[in-house]
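Single-letter residue listing:
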Amino acid sequence: MQAAGYEWKSEFAIHHRAEGREEGRKEGLAEGEAMGEVKGEAKALLIFLSQREVRVSEAARERIMECRDQAQLEEWLHRAVTITSVDELFDS
């Protein structure tokens, strides 16, 4: 941790600090993109259910939108093809 007001003076420290910041920025962007994809799949699932006229309660809508597990969302999407109620979507 850097003390308040301290300026890095050595080229080594300046270089590696900049590298660390860039690496952290890239990781943050990649994580944000992955979360965007998952959220997009959740929205697509809700649209698909709507088109099939499967009623989705507010609690179910929240559960779908809060899901961050890509595999779970894909499983629900496969189930959504044949279900007649949202309860069937969540049945194991």
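For the structure given in this document, a descriptive report is provided here. (Residues numbered from 1 in each chain as written. Predicted model: local features only at pLDDT ≥ 70, side-chain atom pairs only at ≥ 80, totals over all residues. Heavy atoms only, no water.)

Concerning the overall build of the protein
A count of helices and strands for the protein gives four helices and zero strands. Element order for the protein, N to C, with α for helix and β for strand: α-α-α-α. Contacts in the protein between residues far apart in sequence, at least 24 positions, make up 55% of those at least 6 positions apart. For the protein, the accessible area works out to roughly 7100 Å², and carbon and sulfur atoms hold 52% of it. (Helix = DSSP H or I, 4+ residues; strand = E, 2+ residues; numbered from the N terminus. Contact = heavy atoms within 4.5 Å. Areas by Shrake-Rupley, 256 points an atom, 1.4 Å probe, with all protein chains shown as cover.)

Focus: the pattern of salt bridges
Throughout the structure, instances matching the rule amount to one salt bridge. In this structure, the salt-bridge partner of Arg 79 is Glu 75, at a minimum N-O distance of 2.3 Å. Linking Arg 79 with Glu 75, this pair stays in helix α3 (residues 70-80), spanning four residues, or about one helical turn. (Salt bridge = Lys/Arg side-chain N within 4 Å of Asp/Glu carboxyl O.)

A look at the nonpolar core
The biggest cluster of nonpolar side chains holds 18 residues, and the ones touching the most others in it are Leu 49, Ile 64, Trp 76 and Leu 89. Only α1 (11-51), α2 (58-66), α3 and α4 (86-90) provide two or more residues apiece to this core. Tallying contributions element by element places α1 first for this core, with five residues. With residues near it in sequence (within four places) discarded, Leu 89 still touches Leu 45, Leu 49, Ile 64, Trp 76, Arg 79, Ala 80 and Ile 83. (Core = buried A, V, L, I, M, F, W, Y, C linked by side-chain atoms within 4.5 Å. Buried < 20%, exposed > 50% of the residue type's maximum accessible area, 1.4 Å probe, protein only.)

Thoughts on the packing of aromatic side chains
What characterises a pair of aromatic rings is the spacing of the ring centres plus the angle enclosed by the ring planes. For the coordinates displayed, the defined rule picks out one aromatic pair. When the ring of Trp 76 is compared with that of Phe 90, the centres are 5.1 Å apart and the planes differ by 80°; the resulting orientation is edge-to-face. One end of the pair, Trp 76, is in helix α3; the other, Phe 90, is in helix α4, and 14 residues separate them in sequence. On the accessibility criterion, Trp 76 (3% relative accessible area) is buried. Positioned above the aromatic ring of Phe 90, the side-chain terminus of Arg 63 is 4.0 Å from the ring centre. (Phe/Tyr/Trp six-rings, centres within 6.5 Å; stacked < 30°, edge-to-face > 60°. Lys NZ or Arg CZ within 6 Å of the ring centre and 35° of its normal.)

Comments concerning α2
Working note: α-helix, 3.6 residues per turn, so residues spaced by three or four point in the same direction. The set of residues buried in α2 consists of Ala 60, Ile 64 and Met 65. All buried residues of α2 lie within an arc of 130° about the axis, which places them on one face of the element. The exposed residues of α2 that point more than 90 degrees off its buried face are Glu 58, Ala 59 and Glu 66. (Arc of directions from axis to C-beta.)

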